[in-house]
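# Close look at the chain arrangement
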Amino acid sequence: GTASAAHRRLKYISLAVLVVQNASLILSIRYARTLPGDRFFATTAVVMAEVLKGLTCLLLLFAQKRGNVKHLALFLHEAVLVRYVDTLKLAVPSLIYTLQNNLQYVAISNLPAATFQVTYQLKILTTALFSVLMLNRSLSRLQWASLLLLFTGVAIVQAQQAGGGGPRPLDQNPGAGLVAVVASCLSSGFAGVYFEKILKGSSGSVWLRNLQLGLFGTALGLVGLWWAEGTAVARRGFFFGYTPAVWGVVLNQAFGGLLVAVVVKYADNILKGFATSLSIVLSTVASIRLFGFHVDPLFALGAGLVIGAVYLYSLPRGAAKATASASPSGPCTHQQPPGQPPPPKLSSHRGDLSTEPFLPKLLTKVKGS
């Protein structure tokens, strides 16, 4: 009836949002980082995204309290300060997400957008491994096979990259880019699973969790900024090199993750897998047009394997193996994240948790696809 038609429409809208957010964040970072002229400080962009995310969540909570400042103040005092143990638990994922956001800039500055997008799918592998180790989750044989396929596809794309893969700008170091992606995938996998672990049995809205993460993220981001680029930022200014393109990246990183948090409720595993695959295709096509990216047979083979692996991994067990007695998978929360935000009720979820809870992460994530 009308309800099912509306639900189907929501599913397609959420698919479009996930695809556009996933591809546009990576392409916009790549564009902003490779423009001629003054280069902005990536650490300042990470801090700005956290500040905007935190302020947005504060406004949403304010609206939830119907604009009553006193109610909001009492609520925040109770949720953030009185239950300080709950708040402190979020320091670990927040630290990891801040690190991951910075690593994403390093990776995208040194790798073509399409290569990054394919390689970043390793976060599915790391999330799966961490969920097996930390949550005692079991994977079907098809999922293990798809993870192997995923790894093979990424290895082929990286071999193509190392073997030349077209002309390369002088200031780019694919080795550093690869190390940054792998580190980002490891942190994304751990943070997503750790986040699910601490969310079990704890109440709190998605916006409150985002606000708490934003508070830690801003503080930790400032520490990272001071440590990595403190003197340069002090000399040239916080907003040095900011152009409309850079602001676009910051806004995408801040609001993209929150948008994914909203639509992910309407996206099941298959839809998220499909969104990831489509965003790889979109990134590749856009890279050819925008950055003169050259697709050779090796890249096409590797990307094809990754797209196939993502789709196979996201199949519910019932559909993947009709004879298996395993229960079919329910909706799950993608991003990351870079994300790579899951709604609190995660306990029954299985499969790709790498939503990057509060990033788009790139994402997802996740925060963040």
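Remember, it's a predicted structure, so these values are computed and weren't measured experimentally. (Residues numbered from 1 in each chain as written. Predicted model: local features only at pLDDT ≥ 70, side-chain atom pairs only at ≥ 80, totals over all residues. Heavy atoms only, no water.)

## Remarks on the overall build of the protein chain
Applied cut-off: Numbering of helices and strands runs from the N terminus; a helix is a DSSP stretch of H or I covering at least four residues, while a strand is a stretch of E covering at least two. Burial status follows relative accessibility: with a 1.4 Å probe on protein chains alone, a residue under 20% of its type maximum counts as buried, one over 50% as exposed, and anything between as partly exposed. For the accessible areas, the method is Shrake-Rupley and the probe is 1.4 Å, while residue cover comes only from the protein chains on display.
For the protein chain, the count of helices and strands is 14 helices and 0 strands. Moving toward the C terminus, one meets the helices and strands of the protein chain in the order α-α-α-α-α-α-α-α-α-α-α-α-α-α. Within the protein chain, buried positions represent 54% of all 369 residues. Just so you have it, the protein chain exposes about 15600 Å², and 69% of that area is on carbon and sulfur atoms.

## Overview of the UniProt feature "transmembrane region" (unreviewed entry) in the protein chain
Filter applied, for reference: UniProt positions are given in the numbering used here, feature names are shortened, and annotations may be inferred rather than shown by experiment.
Under the local residue numbering, the UniProt record ascribes the feature "transmembrane region" (unreviewed entry) to residues 12-33, 39-62, 144-163, 175-195, 207-227, 239-264, 271-292 and 298-315. Here residues 12-33 is 100% helix and 0% strand, with 32 Å between the C-alpha atoms at its ends. In residues 144-163, helix accounts for 95% and strand for 0%; the two terminal C-alpha atoms are 29 Å from one another.

## Considering helix 11 (residues 244-263)
Filter applied, for reference: What a helix should span is 1.5 Å times the count of its residues minus one. Pairs of residues are marked as contacts when any of their non-hydrogen atoms sit within 4.5 Å.
Under the 1.5 Å per step criterion, the end-to-end length of helix 11 is 27 Å for 20 residues, consistent within 8% with the ideal 28 Å. Among the residues of helix 11, Val246, Val249, Val250, Asn252, Gln253, Ala254, Gly256, Gly257, Leu258, Val260, Ala261 and Val263 are the ones counted as buried. In this fold, the buried residues of helix 11 make contact with helix 1 (2-34), helix 2 (42-64), helix 5 (91-110) and helix 10 (206-236).

## Side note on the packing of aromatic side chains
Note the following rule: Each aromatic pair joins two rings of Phe, Tyr and Trp (for Trp, the six-membered one) with centres within 6.5 Å, and gets the label stacked for planes under 30 degrees apart, edge-to-face for over 60, and tilted for any other angle.
If you walk through the whole model with that rule in mind, you get 11 aromatic pairs. Taken together, a centroid distance of 6.2 Å and an interplanar angle of 75 degrees make the contact between phenylalanine 40 and tyrosine 242 edge-to-face. Highlighted residues: phenylalanine 40 in the loop between helix 1 and helix 2 and tyrosine 242 in the loop between helix 10 and helix 11, separated in sequence by 202 residues. The buried category is assigned to tyrosine 242, whose relative accessible area is 14%. On the numbers, 5.2 Å between centres and 65 degrees between planes, the contact of tyrosine 242 with tryptophan 247 is edge-to-face. The class of tryptophan 247 is partly exposed, set by a relative accessible area of 32%. Through a chain of ring-to-ring contacts, three or more aromatic side chains come together here, namely Phe40, Tyr105, Phe238, Phe239, Tyr242 and Trp247.

## Side note on the environment of aspartate 86
Within the fold, aspartate 86 resides in helix 4 (residues 84-89). On the accessibility criterion, aspartate 86 (22% relative accessible area) is partly exposed.

## Some thoughts on the nonpolar core
Quick note on the threshold: As used in this record, nonpolar core signifies buried Ala, Val, Leu, Ile, Met, Phe, Trp, Tyr and Cys residues forming a set joined through side-chain atoms within 4.5 Å.
Of all hydrophobic cores here, the largest spans 49 residues; its most connected members are Tyr105, Phe116, Leu147 and Leu150. What phenylalanine 116 contacts, discounting residues up to four positions off in sequence, is Ile26, Gln104, Ala107, Ile108, Leu111 and Val181. Counting residues in hydrophobic clusters, the runner-up holds 12 residues, among them Cys57, Leu61, Leu72 and Val80.

## What to know about the pattern of salt bridges
Selection criterion: Each reported salt bridge corresponds to a side-chain nitrogen of Lys or Arg within 4 Å of a carboxyl oxygen of Asp or Glu.
A full pass over the atoms with the stated rule returns 3 salt bridges. Where glutamate 50 meets lysine 53, a salt bridge forms, and the shortest distance between an N and an O atom there is 3.5 Å. Within this pair, glutamate 50 and its partner lysine 53 are both found in helix 2, separated by 3 residues, close to a single helical turn. Across the pair arginine 83 and glutamate 78 runs a salt bridge, and its minimum N-O distance is 3.4 Å.

## Let's talk about the packing of helix 3 (residues 69-82) against helix 10
This is how the line gets drawn: Axes, fitted as lines to C-alpha atoms, cover a helix only where it is in contact. Angles between the N-to-C directions of the axes lie from 0 to 180 degrees. Here the word oblique covers every angle except those under 35 degrees (roughly parallel), over 145 (roughly antiparallel) and from 65 to 115 (roughly perpendicular). What makes a crossing left-handed is the near helix being turned counterclockwise from the far one by less than a right angle; a clockwise turn instead makes it right-handed. Ten residue types, Ala, Val, Leu, Ile, Met, Phe, Trp, Tyr, Cys and Pro, are classed as nonpolar, four, Asp, Glu, Lys and Arg, as charged, and the remainder, Gly among them, as polar.
At a minimum axis separation of 11 Å, helix 3 and helix 10 run at an interaxial angle of 65 degrees. Judged by the inter-axis angle, helix 3 sits roughly perpendicular to helix 10. At the point where helix 3 passes helix 10, the crossing takes the right-handed sense. From helix 3, Phe75, Leu76, Ala79 and Val80 reach across to helix 10, where they touch Leu208, Leu211, Gln212 and Leu215. In terms of residue class, the contact of helix 3 with helix 10 is built from 7 nonpolar, 1 polar and no charged.

## With respect to unusual backbone geometry
The phi angle at arginine 66 is positive, at roughly 55 degrees, despite the residue not being glycine. With respect to the element layout, arginine 66 can be found in the loop between helix 2 and helix 3. On the accessibility criterion, arginine 66 (77% relative accessible area) is exposed. One non-glycine residue with positive phi stands out, namely asparagine 136, at about 55 degrees. Structurally, asparagine 136 is set in the loop between helix 7 (122-135) and helix 8 (141-162).

## Brief notes about the confidence of the model for the protein chain
Put simply, the test is: The score called pLDDT rates the predictor's confidence residue by residue, from a low of 0 to a high of 100.
Mean pLDDT over the protein chain works out to 81, with 82% of the residues at or above the 70 mark. When mean pLDDT is taken per element in the protein chain, helix 2 scores highest with 93 and helix 14 (residues 317-320) scores lowest with 60. Across residues 322-369, confidence stays below pLDDT 50; counting only partners more than four residues off in sequence or on other chains, it has 266 contacts.

## Notes on the packing of helix 5 against helix 10
Put simply, helix 5 and helix 10 touch, their axes get as near as 9 Å, and they point 50 degrees apart. For the element pair helix 5 / helix 10, the angle class is oblique. As helix 5 runs across helix 10, the sense of the crossing is right-handed. Contact residues: helix 5 offers Ala91, Pro93, Ser94, Leu95 and Thr98, while helix 10 offers Leu213, Phe216, Gly217, Leu220 and Gly221. Of the residues belonging to the contact of helix 5 with helix 10, the class tally is 6 nonpolar, 4 polar and no charged.

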